[in-house]
Amino acid sequence: MIIKNINLETVCGITSKLPENDKPEIAFAGKSNVGKSSLINALMNRKSFARISATPGKTQTINFYNINDALYLVDLPGYGYAKVSQQEKEKWGKMIERYLHSSKQLRAVFLLIDIRHEPSANDKMMYDWVVSQGYNPIIIATKQDKLKRSQIDKHVKMLRQGLKLVPGTRIIPFSSVTKQGRDEIWELVETELLD
Ligand code: GTP
Ligand code: MG
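How each quantity is defined
- The residue count restarts for each chain, going from 1 along the sequence in the order it is written.
- Chains carry letters from A onward and ligands carry numbers from 1 onward, assigned in written order.
- The predicted origin of the model limits local features to residues at a pLDDT of at least 70 and limits the giving and counting of side-chain atom pairs to 80 or more, whereas totals for whole chains, interfaces and linings rest on all residues.
- UniProt positions are given in the numbering used here, feature names are shortened, and annotations may be inferred rather than shown by experiment.
- Working definition of burial: number of other C-beta atoms within 10 Å of the residue's own, with buried at 20 or more, exposed at 12 or fewer, and partly exposed in between, all C-beta atoms being placed from the backbone.
- Numbering of helices and strands runs from the N terminus; a helix is a DSSP stretch of H or I covering at least four residues, while a strand is a stretch of E covering at least two.
- Distance between backbone-placed C-beta atoms decides contact: two residues are in contact if it is within 7 Å.
- Pairing between two strands is assigned when DSSP locates at least 2 bridges connecting them.
- Throughout, an axis means a line fitted to C-alpha atoms (over the contacting stretch in the case of helices), and angles, computed between N-to-C directions, take values from 0 to 180 degrees.
- pLDDT expresses how confident the predictor is about each individual residue, on a scale running from 0 to 100.

- As annotated in an unreviewed UniProt entry, the protein chain carries the name Probable GTP-binding protein EngB and is attributed to Claveliimonas monacensis.
- Word for word, the UniProt comment on the protein chain under Sequence similarities (unreviewed entry) is "Belongs to the TRAFAC class TrmE-Era-EngA-EngB-Septin-like GTPase superfamily. EngB GTPase family."

Some words on helix H1 (residues 36-43)
Then comes step 1: Where burial is concerned, most of H1 is hidden: eight out of the eight residues are buried.
Then comes step 2: By the burial criterion, the buried members of H1 are Lys36, Ser37, Ser38, Leu39, Ile40, Asn41, Ala42 and Leu43.
Then comes step 3: Where H1 is buried, its residues meet strand S2 (25-30), strand S3 (62-67), strand S4 (71-75), strand S5 (106-114), strand S6 (138-142) and helix H5 (182-193).

A closer look at the sheet that holds strand S1 (residues 6-12)
Then comes step 1: Spatially, S1-S3-S4-S2-S5-S6-S7 is the arrangement adopted by the seven strands of the open sheet, whose pairing is mixed. Pairing within the sheet leaves two strands with one partner each, and these edge strands are S1 and strand S7 (171-173). Within this sheet the neighbouring strands show an average axis-to-axis angle of 25°, counted without direction.
Then comes step 2: Of the pairings in the sheet, the one linking S2 to S5 comprises six bridges and is parallel in character. Looking across to S5, one finds that Ala27 is bridged to Val109.
Then comes step 3: In this fold helix H3 (residues 121-132) packs onto S2 and S5, with an angle of close to 165° to the strand it touches most, S5.

Description of the pairing of S3
Then comes step 1: Burial analysis of S3 places five of its six residues in the buried class, the great majority of the element.
Then comes step 2: Sheet analysis places S1 next to S3, joined by six bridges and oriented antiparallel. Bridge pairing in S3 places Thr10 opposite Phe64.
Then comes step 3: Where S3 meets S4, five bridges bridge the pair, whose relative direction is antiparallel. Counterpart to Asn63 in the pairing with S4 is Asp75.

Focus: the confidence of the model for the protein chain
Then comes step 1: The predicted model of the protein chain has a mean per-residue pLDDT of 92, with 97% of residues at 70 or higher.
Then comes step 2: Model confidence for the complex: the whole-complex pTM is 0.95, and ipTM, which rates the interface, is 0.99.

Quick notes on unusual backbone geometry
Then comes step 1: The phi torsion at Asn33 lies on the positive side, around 80°, for a residue other than glycine.
Then comes step 2: Classification of Asn33 by C-beta neighbours within 10 Å gives buried; the count is 21.
Then comes step 3: Notably, Lys179 is not glycine yet its phi reads approximately 70°, a positive angle.
Then comes step 4: Structurally, Lys179 is set in the loop between S7 and H5.
Then comes step 5: Judged by the 13 C-beta atoms lying within 10 Å of it, Lys179 falls in the partly exposed class.

Right, here's the structure in full:
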């Protein structure tokens, strides 16, 4: 995808009305700090258009990035952020649920999982839940630059087994540092998710 223009078009807080967009949407979910905003920046060829932070819980809104007036990349708030109250977490869960239910344009959910570690209970819950909402998420295994090349296959297998992925589910190793995986993600979006 050649990026001609990008625009953070809509930012939704807990009580905001969700937009009724007329272009395809691709959403990115995953625990706090896994690298959702960094991935979106990499896809947009920008360093810091989407705000990123070493402190988990940076993105606390649903952010809709308009790309070339052709599609939206949707940055979802991270789950499993310990410092947020239980009540807040539930509200966010409901908000994300509302989005998955109500979006007429959502074409795919990408679920980001840190390639280094066994998936957490939250990761498994999120995966099962997205599946139960009728989506078959594509897994992005993030921060692959933190592993040696020789470890990648083993870790991909660990994620596949740990999450009990539906057979055929794709896992794309990705690094926002080296941009490894970026072209593969765009290729998939362009050839399979847009019409
Ligand atoms: P929340 O908005 O809090 O849910 O986090 P997020 O998932 O948007 O994560 P974000 O992109 O803000 O990145 C969190 C931290 O991880 C930052 O310090 C990033 O620089 C770092 N990070 C993200 N992706 C990578 C990666 O591929 N490799 C490495 N080494 N660090 C990364
Ligand atoms: Mg973020």
